[in-house]
Amino acid sequence: AVVSTQSGHYGRGFNCSSCRRVIDVRETFNQNGAQIICGNCNVSVNLPKCLICRQPVQGQRLIYMNQSFHFSCKKCARCGVPFQEGQANDIKILQNGDFLHKTC
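My aim in this report is to walk through the structure given alongside it, one point at a time.

Rules of the game
- Residues numbered from 1 in each chain as written.
- Predicted model: local features only at pLDDT ≥ 70, side-chain atom pairs only at ≥ 80, totals over all residues.
- Heavy atoms only, no water.
- Helix = DSSP H or I, 4+ residues; strand = E, 2+ residues; numbered from the N terminus.
- Buried < 20%, exposed > 50% of the residue type's maximum accessible area, 1.4 Å probe, protein only.
- Contact = heavy atoms within 4.5 Å.
- Areas by Shrake-Rupley, 256 points an atom, 1.4 Å probe, with all protein chains shown as cover.
- Core = buried A, V, L, I, M, F, W, Y, C linked by side-chain atoms within 4.5 Å.
- Pairing = 2+ DSSP bridges.

Now for the overall build of the protein. Helix and strand counts for the protein stand at one helix and nine strands. Going residue by residue from the N terminus, the α and β elements of the protein occur as β-β-β-β-β-α-β-β-β-β. For the protein, the residues scored as buried account for 26% of the 104 residues in total. Contacts in the protein between residues far apart in sequence, at least 24 positions, make up 18% of those at least 6 positions apart. With an accessible surface of roughly 7000 Å², the protein has 46% of that area assigned to carbon and sulfur atoms.

In structure tokens form, the structure reads like this:
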């Protein structure tokens, strides 16, 4: 549930359960049980994680077998060059899960 503290109900604020930053009383945050997460962490906590680097994937991503990848983390199995955003139509996926540039 997204909650706003503009009413001052929480006094001077409290700490984000993820980054430990003090959340200002005017900020919007997410509360899940006893965990309170600031708006910045809420975005990164709820984004899919790249299977290779484990970082949140914002914007375009490659998806294979319900797994997400940054384009730059996934490399062509043949030439070794990382893929780039906007190349989704130029990628071929083999039955073994390897990604290839269609030109390789």
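With that settled, the discussion passes to the nonpolar core. C50, V57, L62, F69, F71, C76, F83, I91, F99 and L100 together form the largest nonpolar core, which totals ten residues. In terms of nonpolar packing, the next biggest core, distinct from the first, is built from eight residues, I23, I37, C38 and C41 among them.

Pairing of strand β4 (residues 28–32) with strand β5 (residues 35–38), which is carried by four bridges, proceeds in the antiparallel orientation. Looking at β5, one finds that F29 is bridged to C38. Connecting β4 to the antiparallel partner β5 that follows it, the hairpin turn spans two residues, and G33 within it adopts a positive phi of roughly 65°.

With a phi angle near 70°, R54 is a residue other than glycine that sits in the positive phi range. Among the structural elements, R54 can be located in the loop between α1 (39–46) and β6 (62–64). In this model, M65 sits at a positive phi of 55°, which is unusual for a non-glycine residue. Structurally, M65 can be placed in the loop between β6 and β7 (67–69).

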